[in-house]
Amino acid sequence: MSEVKIAAETRTEFGKGAARRVRRDNKVPGVLYGHGTEPVHLTLPGHDLLLALRTPNVLISLDIDGKSNELAIPKAVQRDPLKGFLEHVDLLLVKRGEKVTVEIPVQTEGELAPGGNLLEHVLNALPVEAEATHIPEAVTVSVEGLEAGASVHAKDIALPSGVTLAVDEDAVVLQVLAAQVEEAAEGEAVEGEEAAEA
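What you see is a predicted model, and the numbers here were worked out from it, not measured in a lab.

A. A look at the overall build of the protein. Each helix and strand counted, the protein has 3 helices and 13 strands in total. Looking at the protein as a whole, 32% of its 198 residues qualify as buried. Restricting the contact set of the protein to residue pairs at least 6 apart, pairs at least 24 apart contribute 63%. In the form shown here, the protein has an accessible surface area of approximately 11,800 Å², with 49% of it arising from carbon and sulfur atoms.

Written as structure tokens, this is what we have:
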């Protein structure tokens, strides 16, 4: 997993007006917390943070005011609902070797069995526990040849060494749904019309 270095400044002004001023300078207000320490309010460079957040569960090395270096992972990211720019970020303080619980994206590869079946992602992300500096970016599951009614449970997914499930092992992650047959739907409509006329 990649580690991204970001220079951050401590923030002393709070409230909506202060947050707007920070955003006008293409920066993002944030807070760093964890390990029972007092929360540290930060200002982070917007572009650098946006690029870093493209990687799920990215490990961020924060250079705070040029004095201290802290490791953190994003815990909550608020975006403007219309324009999509970053409004605020919560960062969780982590230490090398520490285990953290995160959700990693589930990716699929391969083709389902012929027949126009549909693949449903019951869980888009898989909750796992991993060392903070070795969080996998995603897990890939083969759906090659799966037929209608088949499902993939959490315990069926191969995880990298040192990563364990943080969800019930019998939880359904993916399932294959049978394609809806249009002819049957039309037949039902005809029967419904006859019942209405009767």
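B. Local environment of the nonpolar core. The biggest cluster of nonpolar side chains holds 25 residues, and the ones touching the most others in it are Ile73 and Leu126. Elements with a contribution of two residues or more to this core: β5 (68–79), β6 (86–94), β7 (99–109), β9 (125–131), β10 (139–142) and β13 (172–177). The greatest single-element share of this core, amounting to 4 residues, is contributed by β7. Discounting chain neighbours no more than four positions away, the residues touching Ile73 are Asn57, Val58, Leu59, Asp90, Leu91, Leu92, Val94, Val100, Val102 and Ile135.

C. Expanded view of the pattern of salt bridges. This model, assessed by the stated rule, comprises 2 salt bridges. The shortest N-O distance in the salt bridge between Glu9 and Lys27 comes to 3.4 Å. Of the two residues, Glu9 sits in strand β1 (residues 3–10) while Lys27 sits in strand β2 (residues 27–34), which places them 18 residues apart along the sequence. Residue Glu9 is classed as partly exposed on the basis of its relative accessible area of 39%.

D. The sheet that holds β13, seen in detail. Pairing is antiparallel in the open sheet, where 3 strands are placed in the order β8-β13-β11. The open sheet is flanked by β8 (118–121) and β11 (151–153), the only strands paired with a single partner. Ignoring strand direction, the axes of neighbouring strands in this sheet form an average angle of 15°. Of the strand pairs in this sheet, β8 and β13 are connected by 4 bridges, and their pairing is antiparallel. The residue bridging Leu118 from the neighbouring strand is Leu177, located in β13.

E. Local environment of the sheet that holds β7. Taking strand neighbours across the sheet as the criterion, the 4 strands line up as β10-β7-β9-β12 in an open arrangement whose pairing is mixed. Strand pairing shows two members of the sheet lacking a second neighbour, β10 and β12 (164–165), which therefore form its edges.

F. Spotlight on the layout of surface pockets. Here the largest pocket is characterised by a volume of approximately 170 Å³. As for the largest pocket, its lining consists of Arg23, Asn26, Lys27, Val28, Gly46, His47, Leu50, Phe85 and Leu86. Put simply, the parts of the chain that give the lining of the largest pocket at least two residues each are β2 and α2 (46–52). Considering every element that reaches the lining of the largest pocket, the biggest residue donor is α2, with 3 residues. For the lining of the largest pocket, the per-class residue count stands at 4 nonpolar, 3 polar and 2 charged.

G. Main features of the environment of Thr101. In this fold, Thr101 is placed in strand β7. A C-alpha to C-alpha distance of 9.4 Å links Thr101 and Ile135, two positions 34 residues apart in sequence.

The rules behind each value
- Residues numbered from 1 in each chain as written.
- Predicted model: local features only at pLDDT ≥ 70, side-chain atom pairs only at ≥ 80, totals over all residues.
- Heavy atoms only, no water.
- Helix = DSSP H or I, 4+ residues; strand = E, 2+ residues; numbered from the N terminus.
- Buried < 20%, exposed > 50% of the residue type's maximum accessible area, 1.4 Å probe, protein only.
- Contact = heavy atoms within 4.5 Å.
- Areas by Shrake-Rupley, 256 points an atom, 1.4 Å probe, with all protein chains shown as cover.
- Core = buried A, V, L, I, M, F, W, Y, C linked by side-chain atoms within 4.5 Å.
- Salt bridge = Lys/Arg side-chain N within 4 Å of Asp/Glu carboxyl O.
- Pairing = 2+ DSSP bridges.
- Axes fitted to C-alpha atoms, helices over the stretch in contact; angles between N-to-C directions.
- 1 Å grid on protein atoms, 1.4 Å probe; cavity = no way out; pocket = protein on both sides within 12 Å on 5 of 7 lines; lining within 4 Å.
- Points joined across faces, edges and corners; volume = space filled by probe spheres on them.
- Nonpolar A, V, L, I, M, F, W, Y, C, P; charged D, E, K, R; others polar.

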